[in-house]
Amino acid sequence: MHITKILTSWYSDNKRELPWRNTKNPYFIWLSEIILQQTQVKQGLPYYKAFIKQYPTVFHLAKASEEAVLKLWQGLGYYSRARNLHATAKFIAHELNGEFPKDYNGLIKLKGVGDYTASAIASICYNEATAVVDGNVFRVLSRFYGIQTPINSTPGKKEFKERAQQIIDKKNPAEFNQAIMEFGAVQCKPNSPDCSICPLQLKCFAFHTGKIKDLPQKIKAAKPIKRHLNYIVYMSDSHTTVLEKRVGKGIWQNLYQFPLIESDKELQPKEFKKQLNVNHKSIVLFNENPIVHKLSHQHLYTKFWIVKVTSLSENAIPINKINDFATPILIKNFIDDFNF
DNA sequence: AAAGCGGGGTA
DNA sequence: TACCCAGCTTT
């Protein structure tokens, strides 16, 4: 039997019940695909449910503020997805009369929609035979065919897209695309796939050559840089504090954080006090040892300094409003732990 | 072509 | 530790 038929057959027997599998409404499919970019189903599922509840249509999402969208996205990471999601919702509601583009070429023009997402929406919603290539597809194809080309190289992306396009079920691209991804997620897993029960075992290159652990190939990422963050947690007599919006380039764009002093190395109390040019009543270091927050490209060594002051300026916020703001999870965890 | 962008999970 | 995840955008 051919790989195409094996995968679709496996899918009909093994697919998970997921909320976006019961619809072809492009709003729901688009939303699920954006949430699931670089994100496992288990992590994205509660966010999907929260978003369709809060924003049942693209018009609801378009009407929301970016701040509200970021707040609902808080904790999911890659926040440009949320900003692009909101911008695209406004574009579709206001410029396209609420109607999504109906093919790959139209979809890929949307902010935050690349080759994978355009293919996913086009195939699932409109039955266009354009192959999805996500991390699962890379893994399944590289193992099955023994493709050594690094999946994160330009030639690799081209080669795998062509391979996937060759075996897509043109009669049912919606099912096939979801089948090969689900197969990668559930059966042909990154670690210790159970090849003994795999329906592709007979023709699988990696299985027969003992190269399961060597495929797919990938160009190694650079080592993350280290940064030292010192957050100033003001507390005034009238129970206010200060949050600032991160603007410009870099991580956490448009999210809120406490005023920040970044340093080349870890700051000790004396050094911190010298840099803090503010009249204060007391300074207490919340965590003696830096909290290490690891991102893909940066390791953040973080200290929270509690600075009591008599009063703060007009734009300070009441502490009981602090949870209204979208913050990085690093900040949210501190707020929860500190318990003001 | 390479870098930048999150946070959670596994081994 | 190192690697992975229903990737996209910018440099």
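Above this text you will find the structure in question.
Let me sum up the structure you'll find in this document.

What counts and how
- Residues numbered from 1 in each chain as written.
- Chains lettered and ligands numbered in written order.
- Predicted model: local features only at pLDDT ≥ 70, side-chain atom pairs only at ≥ 80, totals over all residues.
- Heavy atoms only, no water.
- Helix = DSSP H or I, 4+ residues; strand = E, 2+ residues; numbered from the N terminus.
- Contact = heavy atoms within 4.5 Å.
- Areas by Shrake-Rupley, 256 points an atom, 1.4 Å probe, with all protein chains shown as cover.
- Lys, Arg positive; Asp, Glu negative; His and termini not counted.
- Charge placed at Lys NZ, Arg CZ, Asp CG, Glu CD.
- Near = heavy atom within 4 Å.
- Polar contact = N/O pair within 3.5 Å; in protein donor to acceptor, adjacent residues only side chain to side chain.
- Nonpolar A, V, L, I, M, F, W, Y, C, P; charged D, E, K, R; others polar.
- Axes fitted to C-alpha atoms, helices over the stretch in contact; angles between N-to-C directions.
- Left-handed = near helix turned anticlockwise from the far one by under 90°.
- Salt bridge = Lys/Arg side-chain N within 4 Å of Asp/Glu carboxyl O.

1. Concerning the overall build of chain A
Assigned secondary structure in chain A consists of 14 helices and 9 strands. Of the contacts made within chain A by residues no fewer than 6 positions apart, 68% connect residues no fewer than 24 positions apart. Accessible area of chain A: about 17,900 Å², with a carbon and sulfur share of 51%. Of the side-chain charges in chain A, 46 are positive and 29 negative, and the distance between the mean point of each set is 3 Å.

2. Examining the protein's contact with DNA strand B
Surrounding DNA strand B, one finds 21 residues, the nearest of these being Thr154, Gly250, His293, Ser296 and His297. Of what DNA strand B places within 4 Å of the protein, 58% of the atoms are sugar or phosphate. His293 has a polar side-chain atom sitting 2.7 Å from a phosphate oxygen of DNA strand B. The residue inventory of the surface near DNA strand B, partitioned by class, reads 8 nonpolar, 12 polar and 1 charged.

3. Thoughts on the packing of helix 2 (residues 26-35) against helix 3 (residues 41-54)
In the contact formed by helix 2 and helix 3, the axes pass within 10 Å of each other and the chain directions differ by 145°. The crossing of helix 2 and helix 3 is right-handed. Contact with helix 2, carried on its side by Phe28, Leu31, Ser32 and Ile35, involves Gly44, Tyr47, Tyr48, Phe51 and Ile52 of helix 3 and no other residues of that element. In the contact of helix 2 with helix 3, the residues fall into 7 nonpolar, 2 polar and no charged.

4. A word on the environment of Trp20
Structurally, Trp20 can be placed in the loop between helix 1 (3-14) and helix 2. A C-alpha to C-alpha distance of 23 Å links Trp20 and Thr4, two positions 16 residues apart in sequence. Among all residues touching Trp20, those that are not within four sequence positions of it are Ile29, Ser32, Leu36, Val41, Leu45 and Tyr48.

5. Concerning the pattern of salt bridges
For the structure on display, the rule yields 11 salt bridges. Across the pair Glu99 and Lys102 runs a salt bridge whose closest N-O atoms are separated by 3.3 Å. A salt bridge links Asp237 to Lys281, with the nearest nitrogen and oxygen atoms 2.7 Å apart. Of the two residues, Asp237 is situated in the loop between strand 1 (225-236) and strand 2 (240-241) and Lys281 in the loop between helix 13 (269-275) and strand 6 (282-285); the sequence distance between them amounts to 44 residues. Each of Arg16, Arg21 and Glu182 takes part in a single network of salt bridges with overlapping partners.

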